[in-house]
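Fold and geometry: a report
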Amino acid sequence: MPETGKKRVFLVDDAVVVHKVLSDAIARDPALEVAGTAVNGKIALAKFPNLKPDIVLLDIEMPEMDGLATVRELRKIDCRVPIIMFSTLTEQGAAAAIEALALGATDYVTKPSNADISATSDAVSRELIPRIRVLCGLPETASAAPLPSAPVRPIVSRSSPLLPVQVVAIGVSTGGPDALTHVIPHLPADLSVPVVIAQHMPPIFTALLAARLTAKSTLPVRECTSGEALTPGCAFLAPGDFHMVATQEGGVVRLKTNKGPKENFCRPSVDVLFRSIAQVFGGRALAVVLTGMGQDGLKGCELLRGAGARIYVQDEASSVVWGMPGFVALAGLADKILPLEQIGSEIVRATTPSLAARTPS
């Protein structure tokens, strides 16, 4: 097979129409090509060694061997190749996608429900192709500039001492469900401050993710209900397709959700959450930016940093995509750039007064 220099995409789906839409969308991108196709997991596993794809697009519902079984077997053959699950936006499809991520899939995209081929093609080009590109080491779009490779800028020295942390705000996207399972279980049930999380996810998925995180943690995690008080000892996850913000009413901090315009093409948006945290908590916040595509969270971190808040970001080596944390680090806004496995313990350190007092930030 001649070398083209293009990134090779392996399509595994039993629907002929889906193959056509995906193949056409991939063909329109000059940096991508279809390496091969398969209609179920059994055929995909047989073809995989010879195709040597750069990325796999994997349907969940297929005959003979479904997507979950295929992920499990594929990870025995290759633990590194990116796998994007293609699931329906139903509770069953969402649950299967969350399970696939736990089994080693890298990301997921929901299948458009619209029967209109043109609308489906547009949705694939908008939602799926950028993910394929980024996970293959390319800029999100053919015209986009890659993340700058300049050295990380040192943070500007602080003019005033750090204030005690009263809230932890986490922003995360691509690779987030797995990253959160490496962070949240490290937080104790008696954590002295509340945790708020904006994870880029569609409806249905966030409630299932909250349940999965709660099952693995002593700190309860739940999907936010608009109007509830922000209380310590709990992590609140922004609902899919809603922004989540902190507001102060009569001395009580509450979480509100809204369907305001998307920011950075996202709802929930990390910037929206961080902006509200900066307004309510100022320098008494700790912002944590984990793996994810794009720059969502950068502007919010600028506001938080200006208010005196601490900012921690995940390092490049442990990130699925070093977009969101990378832009914050490269802007010189991060107090600490940490491997994923250290972030939970560093949150505990920063929120425990006796530890924070004797540990330099």
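Keep in mind it's a predicted model, so treat the numbers as computed, not measured. (Residues numbered from 1 in each chain as written. Predicted model: local features only at pLDDT ≥ 70, side-chain atom pairs only at ≥ 80, totals over all residues. Heavy atoms only, no water.)

**Digging into the overall build of the chain**
To keep things clear, this is the line we draw: The numbering of helices and of strands both runs from the N terminus, where a helix is a DSSP run of H or I of at least 4 residues and a strand a run of E of at least 2. Here the radius of gyration uses the C-alpha set of atoms, whereas the globule reference equals 2.2 Å times the residue count to the power 0.38. Only the protein chains shown count as cover for residues, and all accessible areas are computed by the Shrake-Rupley method using a 1.4 Å probe.
Counting its regular elements, the chain contains twelve helices and 14 strands. Relative to a compact globule of 361 residues, whose C-alpha radius of gyration would be 21 Å, the chain shows 21 Å and is just as compact. Structurally, the chain occupies a C-alpha span of about 60 × 40 × 35 Å along its principal axes. Of the roughly 15,500 Å² of accessible surface on the chain, 55% is carried by carbon and sulfur atoms.

**Points about the packing of aromatic side chains**
Aromatic ring pairs are described here by two measures, namely the spacing of the ring centres and the angle between the planes. Short version of the rule: Centres within 6.5 Å make a pair out of two Phe, Tyr or Trp rings, where for Trp the six-membered ring is used; the pair is then stacked when the planes are under 30 degrees apart, edge-to-face when over 60, and tilted otherwise. Between buried and exposed lies partly exposed: a residue is buried under 20% and exposed over 50% of the maximum accessible area for its type, with that area taken using a 1.4 Å probe on protein chains only.
Inspection of the entire model under this criterion finds one aromatic pair. Seen from their ring centres, Tyr108 and Phe205 are 4.7 Å apart, and the 15° between their planes marks the pair as stacked. Residue Tyr108 is located in strand β5 (residues 107-111), and its partner Phe205 is located in helix α7 (residues 205-216); the two are separated by 97 residues in the primary sequence. Among the residues examined, Tyr108 registers a relative accessible area of 6% and is labelled buried.

**Focus: the pairing of strand β2 (residues 32-38)**
Defined as follows: Strand pairing follows a simple DSSP-based rule, namely that at least 2 bridges must link the two strands. By convention a crossover is right-handed if, when the strands point away from the viewer, the path from the first strand over the helix to the second runs clockwise.
Among the seven residues of β2, five are classified as buried, and the element is accordingly described as predominantly covered. Inspection of the sheet shows strand β1 (residues 7-12) paired to β2 by six bridges, in the parallel sense. Bridging across to β2, Lys7 finds its partner in Leu32. With respect to chirality, the unit in which β1 leads through helix α1 (residues 16-27) into the neighbouring parallel β2 is right-handed.

**Digging into the sheet that holds strand β4 (residues 83-88)**
Strands in a sheet are paired, the pairing made by backbone hydrogen bonds, and the direction either parallel or antiparallel. Rules: Here, axes are lines fitted to C-alpha atoms. For helices the fit covers the stretch in contact, and angles between N-to-C directions go from 0 to 180 degrees. By the convention used here, residues are in contact when the closest approach between their heavy atoms is within 4.5 Å.
The sheet built from five strands is open, its strands ordered β2-β1-β3-β4-β5 with parallel pairing. Of all the strands in the sheet, the pair left with one neighbour each is β2 and β5. Across the sheet, the mean angle separating the axes of adjacent strands is 25° when strand polarity is ignored. Where α1 meets the sheet, its contacts fall on β1, β2, β3 (55-59), β4 and β5, and the angle it forms with β2 comes to roughly 160°. Running at roughly 165° to β1, helix α2 (residues 41-51) makes contact with β1, β2 and β3 of the sheet.

**Let's talk about the sheet that holds strand β8 (residues 221-223)**
Read across the sheet, seven strands follow the order β8-β9-β7-β6-β12-β13-β14 without closing on themselves; strand pairing throughout is parallel. Only two strands of the sheet have a single partner each, and these edge strands are β8 and β14 (336-338). Sheet twist, expressed as the average angle between the axes of neighbouring strands with direction ignored, equals 20°. Across the face of the sheet, helix α8 (residues 270-281) comes into contact with β6 (167-172), β7 (195-199) and β12 (285-289) while running at roughly 165° to β6.

**Focus on helix α11 (residues 340-351)**
Condition: A helix is expected to span 1.5 Å multiplied by its residue count minus one.
Counted at 1.5 Å a residue, the expected span for α11 with its twelve residues is 16 Å, and the 18 Å between its end C-alpha atoms agrees. Of all the residues in α11, the buried ones are Leu340, Ile343, Gly344, Glu346, Ile347, Val348, Ala350 and Thr351.

**Examining helix α4 (residues 91-103)**
Taking 1.5 Å as the rise per residue, α4 with 13 residues should run 18 Å; its terminal C-alpha atoms sit 18 Å apart, in good agreement. Among the residues of α4, Gly93, Ala94, Ala96, Ala97, Ile98, Ala100 and Leu101 are the ones counted as buried. Looking at the buried side of α4, the elements it contacts are α3 (67-77), β4, β5, α6 (176-183) and α7. In the stretch just after α4, Gly104 is the one whose phi turns positive, near 125°.

**Brief notes about the pattern of salt bridges**
Rules: The term salt bridge refers to a pairing of a side-chain nitrogen on Lys or Arg with a carboxyl oxygen on Asp or Glu at a separation within 4 Å.
The full count for this structure, using the stated rule, is 17 salt bridges. Lys336 is the salt-bridge partner of Glu346, the closest N and O atoms lying 2.8 Å from each other. Of the two residues, Glu346 is situated in helix α11 and Lys336 in strand β14; the sequence distance between them amounts to ten residues. Lys336 carries the same exposure label as Glu346, and that label is buried. The network of salt bridges with shared partners includes Asp107, Arg126, Glu127 and Arg131.

**Observations regarding the environment of Val168**
Within the fold, Val168 resides in strand β6. By relative accessible area, which is 0% here, Val168 ends up buried. Considering only alpha carbons, one finds Val168 and Gln342, 174 residues apart in sequence, at a separation of 15 Å. With residues up to four places along the chain from it excluded, the contact list for Val168 reads Val193, Pro194, Val195, Val196, Leu286, Val288, Ile347 and Thr351.

**Concerning unusual backbone geometry**
A cis geometry characterises the amide bond from Arg267 onward to Pro268, with omega recorded as 10°. Among the secondary structure elements, Pro268 is positioned in the loop between β11 (252-258) and α8. Positive phi, normally seen in glycine, also occurs at Asn264, with a value near 55°. Tracing the chain through its elements places Asn264 in the loop between β11 and α8. Taking the relative accessible area as the measure of exposure, Asn264 reaches 36% and is therefore partly exposed. Positive phi, close to 65°, is recorded for Phe265, a residue that is not glycine. Relative to the helices and strands, Phe265 is located in the loop between β11 and α8.

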